[in-house]
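Coordinate inspection notes
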Amino acid sequence: MHFRYGLAHALEDVSLTVAPGEVTSLLGMNGAGKTTLLNILSGLLKPASGQVLLDGAPAPKGAAARVRAGVVQAPEGRQVFAPLTVRENLEMGAYLRLRAGQRAAVAEDLEHMLALFPALRERLGQEAGKLSGGEQQMLAMARALMARPRYLLLDEPSLGLSPKMAAEIFKVVRGLPASGCGVLLVEQNALGALAVSSRGYILTNGRIRFSGAPADIACDPLLREAFLGPDQGAKP
Ligand SMILES: Nc1ncnc2c1ncn2[C@@H]1O[C@H](COP(=O)(O)OP(=O)(O)OP(=O)(O)O)[C@@H](O)[C@H]1O
Ligand SMILES: [Mg+2]
């Protein structure tokens, strides 16, 4: 798969698989093309060549159709709906199901999210824009999960979080495959991500430089030094 912004190649010859019931991590430096790749998978961007397959068939075109097909992205940064309350944000995540009249199921999922992210419970009625950075990050992830994704695309969910909060996020990510969800986890905290993943890819300058078992990345001194860096912050 290829992608260009204008004349610049953002992604070249990229091929990546996200398996259901697994966490796959995608690592790389700033500007490597990670967000671009997630945006292609979620249907926000169209590849110049190549295609996105979902269960072996071409994925439906466009972001809304991808969400309906179960591919949901929790975008980089906070991007919660700031003037809406925490509860309203969570309900927005289940918008399609609410519209289909599945109130009871949505209420059940909301309760499940509050169990996963207890910090959100006391803030249900609060404006999302007034949450702390870490709480907004959790809300963004919980909102994505409210859509009951079959594939969840997470863009740097631990960014800017304290080690303790990052560890909480990684713990939730680690538990997602149990429900059959396939997760693609983009992270700067490489060691934290690899610890909860069963497969890892390293992207540099728009190309996949390595893919394999997390242990092979974490144990290879050259890969470690080149891509993981000396200080990796929180481990789960
Ligand atoms: N809308 C855009 N128009 C033009 N160039 C862009 C656009 N978005 C990203 N780029 C460029 O494409 C490359 C990949 O960007 P991308 O955001 O995918 O990187 P990333 O790996 O997510 O980086 P980070 O870790 O900083 O989030 C960068 O060189 C970036 O400057
Ligand atoms: Mg990015």
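Structure: see above.
Throughout what follows, the structure given in this document is the object of discussion. (Residues numbered from 1 in each chain as written. Chains lettered and ligands numbered in written order. Predicted model: local features only at pLDDT ≥ 70, side-chain atom pairs only at ≥ 80, totals over all residues. Heavy atoms only, no water.)

Considerations on the nonpolar core
Defined as follows: To form a nonpolar core, buried Ala, Val, Leu, Ile, Met, Phe, Trp, Tyr and Cys residues must be joined to one another through side-chain atoms within 4.5 Å. For every residue, the accessible area (1.4 Å probe, protein chains only) is compared with the maximum for its type, and the residue is labelled buried under 20%, exposed over 50%, or partly exposed between those bounds.
With 47 residues, the main nonpolar core has Leu90, Phe117, Val173 and Leu185 as its most contacted residues. Listed in part, the 24 residues of the second largest apolar core include Phe3, Ala59, Ala69 and Tyr151.

Notes on the layout of surface pockets
The condition that has to hold: With a 1 Å grid laid over protein atoms only, a set of points is called a cavity when a 1.4 Å probe fits there but cannot get out and a pocket when it is open yet has protein on both sides within 12 Å along at least five of seven lines; lining residues have an atom within 4 Å of a point. Grid points are joined across faces, edges and corners, and a volume is the space filled by probe spheres set on the points. Three residue categories are used. Nonpolar comprises Ala, Val, Leu, Ile, Met, Phe, Trp, Tyr, Cys and Pro, charged comprises Asp, Glu, Lys and Arg, and polar comprises the others, including Gly. Secondary structure elements are taken from DSSP: a helix is a run of H or I of four residues or more, a strand is a run of E of two residues or more, and numbering for both begins at the N terminus.
Size it by volume and the largest pocket reaches roughly 760 Å³. Residue composition of the lining of the largest pocket, by class: 17 nonpolar, six polar and four charged. Taken as a whole, the second largest pocket holds about 430 Å³ of empty space. As for the second largest pocket, its lining consists of 20 residues, of which Leu16, Val18, Leu41, Val52 and Leu53 are closest to the centre. Mapped onto the lining of the second largest pocket, the elements with two or more residues apiece are helix H1 (34-41), strand S4 (53-54) and strand S7 (151-155). The dominant element in the lining of the second largest pocket, judged by the number of residues it contributes, is H1, at three residues. For the lining of the second largest pocket, the residue count by class is 15 nonpolar, four polar and one charged.

Focus on the sheet that holds strand S8 (residues 182-187)
To keep it simple, the criterion reads: Whether two strands pair depends on DSSP finding at least two bridges between them. To define axes, lines are fitted to C-alpha atoms, for helices over the stretch in contact only, and angles between the resulting N-to-C directions are given on a 0 to 180 degree scale. Here a residue-residue contact requires only that any non-hydrogen atoms of the pair lie within 4.5 Å.
The strand order across the open sheet formed by six strands is S6-S7-S8-S3-S9-S10, and the pairing between neighbours is mixed. Looking at the sheet topology across the chains shown, the edges are occupied by strand S6 (71-74) and strand S10 (207-212). Going from strand to strand, the sheet's axes swing by 20° on average, the running direction of each strand aside. With five bridges connecting them, strand S3 (residues 23-27) and S8 associate as parallel partners. Across the sheet, the residue bridging to Thr24 is Leu184, located in S8. Sitting on the sheet, H1 is in contact with S3, S6, S7, S8 and strand S9 (199-204), with an inclination near 155° to S7. Across the sheet, helix H7 (residues 163-175) is in contact with S3, S7 and S8; its angle to S8 comes to roughly 155°.

A short note on empty space enclosed by the protein
This structure, assessed with the given rule, holds one cavity of 30 Å³ or more. Lining the largest cavity, in full, are Ala74, Pro75, Gln137, Ala140, Met141, Leu154, Asp155 and Pro157. The set of elements that each furnish at least two residues to the lining of the largest cavity consists of helix H6 (133-145) and S7. Residue contributions to the lining of the largest cavity peak at three residues, all from H6.

As for the side chain of Lys34
The criterion, for reference: The term polar contact refers here to a pair of N or O atoms within 3.5 Å; inside protein, the definition further demands a hydrogen-donor-capable atom paired with an acceptor-capable atom, and it admits residues adjacent in sequence only when both atoms are side-chain atoms.
Tracing the backbone through its elements, the reader meets Lys34 in helix H1. In this structure the side chain of Lys34 is engaged in a polar contact, spanning 2.9 Å, whose partner is the backbone oxygen of Met29. The contacts of Lys34, once residues within four sequence positions are left out, are Leu26, Leu27, Gly28, Met29, Glu156, Val186, Gln188 and Leu203.

What about H7?
Worth spelling out the cut-off: Any helix carries an expected span of 1.5 Å times its number of residues minus one. Working definition: the arc comes from the directions between the helix axis and the C-beta atoms, pointing outward to the latter.
Spanning 13 residues, H7 covers 19 Å between terminal C-alpha atoms, matching the ideal 18 Å at 1.5 Å per step. Listing the buried residues of H7 in full gives Ala166, Ile169, Phe170, Val172 and Val173. Axial view of H7: buried residues confined to an arc of 160°, hence all on one face. Residues Lys164 and Lys171 are exposed on H7 and point more than 90 degrees away from its buried face. Those residues of H7 that are buried lie in contact with S3, helix H5 (103-116), H6, S7, S8 and helix H8 (190-195).

Read these as spatial facts, not as claims about activity.
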